[in-house]
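Listed below are the residues making up each chain.
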Amino acid sequence: MHLLFINHSKGSGIYGIEQWMLRMGRELVRQGHCASIACRAESGLFEAAPEFGIEPHALPIRSAMELAAALRLRKLLVSGHINAVIGKTYKGVRVAAMARIGLGIPLFCRRGNPLDVRNTLRHRLTLGLTGARIIAPSQAVKNSFCEAPWLNPERVHVLRHGIDPAEYGDVAPQAVSGCEALILFAGRLAPVKGVDVLLSAWAEVIRERPNARLVLLGSKEAVDYEGMAKALGIQDTVAWAGYKKDIRPWLAAADLLVMPSRTEGAGLAALEAMAMGRAVVASRAGGIPEYVRDNDCGLLVEPENPGALARALLRLIANPDERARMGQAGRRRAFSEFSLAASARTLISWIQPART
């Protein structure tokens, strides 16, 4: 099989769906298939793809009805003998739908946020006219999608994030200054990720544990979170490390991962933390509970609740044995229930029946 991923995201950052495409593509190649990706030539995906054994193709998409892009994509579908297309955004999926007319190539749309499918005319027309099937990272996301009365649940497939255990063995930790406990956040510094909730909670944590430290990995967006930290008086206990393509060295140095998202399809960073043997403190939001078992792999709290988040962090900071136990439980769960190899085989099994 030869799968083509389409992702025209801007910038150098490689986050959830981008990570999923790269890792899934590499695993497909390992299993004897081929994988390519059509993306912006200046993007981080284009640069990273060859490292994963994926062939990159420059394909900027300016609009959902861009005929020139559809024609370029059609040429790639034919010359590359593509067996299936997986797009990230509706814009890319609509262009792919035009490109595949008469070719009988199945089309999938990988969506990761519970709000990505809504009961709107635009979404109904897009998914109805393209005939795309949807790949969701959790049952919670599928359930949210299927609240749209026009969407047939059989068109939505659940395919959870997977990991390769070989990548989570001995990882050299990132060098950081000594502290009582190092708490790590990894993700976009955006409101949906609950960064403001985390900073408010951290102000409570520091009052009891002044030698704890918080490190945030992620690209800065419009919100001035550094200004918020200064206003709370916690700026000296918070480090802004910027976007990191590989968070494993930081996880190796950290005591636990915090994920205070307001909504989350699944949370790849949480699964990576589990694979690294780190406990997770996260919101009980979206698909997170399907990955992180409460009081087993970590602690779950209600979203938008800084007090509850602070109490959970303080509990594990004060109890290293408990967080070590949770970290080992998470590692066992990650390796036994989230196999990337099994996910790739499942994906391939969907393609042949979908061909028309």
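Computed from a predicted structure; not experimentally measured.

The rules behind these values
- Residues numbered from 1 in each chain as written.
- Predicted model: local features only at pLDDT ≥ 70, side-chain atom pairs only at ≥ 80, totals over all residues.
- Heavy atoms only, no water.
- Axes fitted to C-alpha atoms, helices over the stretch in contact; angles between N-to-C directions.
- Helix = DSSP H or I, 4+ residues; strand = E, 2+ residues; numbered from the N terminus.
- Parallel < 35°, antiparallel > 145°, perpendicular 65-115°, else oblique.
- Contact = heavy atoms within 4.5 Å.
- Nonpolar A, V, L, I, M, F, W, Y, C, P; charged D, E, K, R; others polar.
- Core = buried A, V, L, I, M, F, W, Y, C linked by side-chain atoms within 4.5 Å.
- Buried < 20%, exposed > 50% of the residue type's maximum accessible area, 1.4 Å probe, protein only.
- Left-handed = near helix turned anticlockwise from the far one by under 90°.

Some words on the packing of helix 12 (residues 306-318) against helix 13 (residues 320-337)
Part 1 of the reasoning: The interhelical angle for the contact between helix 12 and helix 13, taken along N-to-C directions, is 100°, at an axis separation of 5 Å. Accordingly, the angle class assigned to the pair helix 12 and helix 13 is roughly perpendicular. Note on element contacts: helix 13 touches helix 12 through Pro320, Glu322, Arg323 and Met326, opposite Arg315, Leu316, Ile317 and Ala318.
Part 2 of the reasoning: Here the residues of the contact of helix 12 with helix 13 are counted per class, giving 5 nonpolar, no polar and 3 charged.

Here we look at the nonpolar core
Inside soluble globular proteins, nonpolar side chains tend to come together where they are buried.
Part 1 of the reasoning: Counting 35 residues, the largest nonpolar core has Ile183, Trp202, Leu214, Leu309 and Leu313 as its most contacted members.
Part 2 of the reasoning: Put simply, the parts of the chain that give this core at least two residues each are strand 8 (181-186), helix 7 (195-208), strand 9 (212-217), helix 8 (225-232), strand 11 (256-259), strand 12 (279-283), strand 13 (298-301) and helix 12.
Part 3 of the reasoning: With residues near it in sequence (within four places) discarded, Trp202 still touches Ile183, Ala212, Arg213, Leu214, Ile234, Thr237, Val238 and Leu313.

Topic: unusual backbone geometry
Part 1 of the reasoning: For His81, which is not glycine, the phi torsion reads 50° and is therefore positive.
Part 2 of the reasoning: As for its placement among the helices and strands, His81 is situated in the loop between helix 3 (67-79) and strand 4 (84-87).
Part 3 of the reasoning: Residues other than glycine seldom take positive phi values, yet Glu304 does so here, at roughly 65°.

Comments concerning the environment of Cys109
Part 1 of the reasoning: Mapped onto the elements, Cys109 comes out in strand 5 (residues 107-110).
Part 2 of the reasoning: Sequence-wise, Cys109 and Val85 are 24 residues apart; in three dimensions their C-alpha atoms are separated by 8.4 Å.

A closer look at the packing of helix 4 (residues 90-99) against helix 5 (residues 121-130)
Part 1 of the reasoning: Packing of helix 4 against helix 5 leaves a shortest axis separation of 9 Å and a crossing angle of 35°. Read as a crossing pair, helix 4 and helix 5 show a hand that is left-handed. Residue-level contacts link Tyr90, Val93, Arg94 and Ala97 of helix 4 to Arg122, His123, Thr126, Leu127 and Thr130 of helix 5.
Part 2 of the reasoning: Counted by class, the contact of helix 4 with helix 5 contains 4 nonpolar, 3 polar and 2 charged residues.

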